[in-house]
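Chain by chain, the residues run as shown.
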Amino acid sequence: MPRRKPDWSELRSFAAVGGCAYLVDLALFVWLRGPLDWDPFAAKAVGFLAGCTVAYAGNALGTYRHSAAGDRAAADSRLRRYGVFLAVNAAGAAVQLACLAVSHHGLGLTSPRADALSGSVIGMALATCLRFWGTRTLVFRTHRQAGTSGTWTG
């Protein structure tokens, strides 16, 4: 089965949607953590889920609207896609945390700058690659790309 290569419009759209999702995540986290004085982990969890929801909607309605069109009517299919999308994004978050852990605890680079670089630059870059691959391959794969089966497992 030949692999579909991303084009520049797909990459730009994915990046724009991701940027919007990141801003929602960050703004909600800052608002919940600051004025509302929420626990940082609860605030981050709510921000993460809101960001994932924005990213899913943006990708389903924008970047991958043609891939999602085939089964839009089936609510269980949308729910399954959203669940897989959350799993892909959780894997991306784990990559970011792993980069931070290796740098901070494994290499002993403990300055705020080193933490920001490892978690928010290197980790984000690797996580974005994983999210892009997972979103286009596992979440919004068309039936033609998946073979004869309409499921994400092929």
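It should be emphasised that the depicted structure is a prediction, and the values quoted were computed from it without experimental measurement.

Counted according to the given criterion, the structure contains two salt bridges. The partner of Glu-10 in a salt bridge is Arg-136, with the nearest N and O atoms 2.9 Å apart. Remark: Arg-136 occurs in helix 5 (residues 112-139) and Glu-10 occurs in helix 1 (residues 8-33); sequence separation between them is 126 residues. Among the residues examined, Arg-136 registers a relative accessible area of 10% and is labelled buried.

The next point concerns the environment of Ser-111. Here Ser-111 lies in the loop between helix 4 (75-106) and helix 5. Judged by relative accessible area, which is 35%, Ser-111 ranks as partly exposed. Of the polar contacts made by the side chain of Ser-111, one reaches the backbone nitrogen of Ala-114; its length is 3.0 Å.

It is worth spelling out unusual backbone geometry at this point. One non-glycine residue, Asp-37, adopts positive backbone phi at about 55 degrees. Inspection of the secondary structure puts Asp-37 in the loop between helix 1 and helix 2 (40-63). Since its relative accessible area comes to 60%, Asp-37 is described here as exposed.

This brings us to the packing of helix 1 against helix 5. The contact between helix 1 and helix 5 brings their axes to 12 Å, and the two run at 115 degrees. When you trace helix 1 past helix 5, the crossing you get is right-handed. Taken together, the residues of helix 5 that come into contact with helix 1 (itself represented by Glu-10, Leu-11, Phe-14 and Tyr-22) are Met-124, Thr-128, Arg-131, Phe-132, Thr-135 and Arg-136. A per-class count over the contact of helix 1 with helix 5 returns five nonpolar, two polar and three charged.

Among the secondary structure elements, Tyr-22 is positioned in helix 1. Overall, the relative accessible area of 45% leaves Tyr-22 in the partly exposed class. When the C-alpha positions of Tyr-22 and Gly-47 are compared, they lie 9.0 Å apart, and in sequence the two are 25 residues distant.

Basis of the calculations
- Residues numbered from 1 in each chain as written.
- Predicted model: local features only at pLDDT ≥ 70, side-chain atom pairs only at ≥ 80, totals over all residues.
- Heavy atoms only, no water.
- Salt bridge = Lys/Arg side-chain N within 4 Å of Asp/Glu carboxyl O.
- Helix = DSSP H or I, 4+ residues; strand = E, 2+ residues; numbered from the N terminus.
- Buried < 20%, exposed > 50% of the residue type's maximum accessible area, 1.4 Å probe, protein only.
- Polar contact = N/O pair within 3.5 Å; in protein donor to acceptor, adjacent residues only side chain to side chain.
- Axes fitted to C-alpha atoms, helices over the stretch in contact; angles between N-to-C directions.
- Left-handed = near helix turned anticlockwise from the far one by under 90°.
- Contact = heavy atoms within 4.5 Å.
- Nonpolar A, V, L, I, M, F, W, Y, C, P; charged D, E, K, R; others polar.

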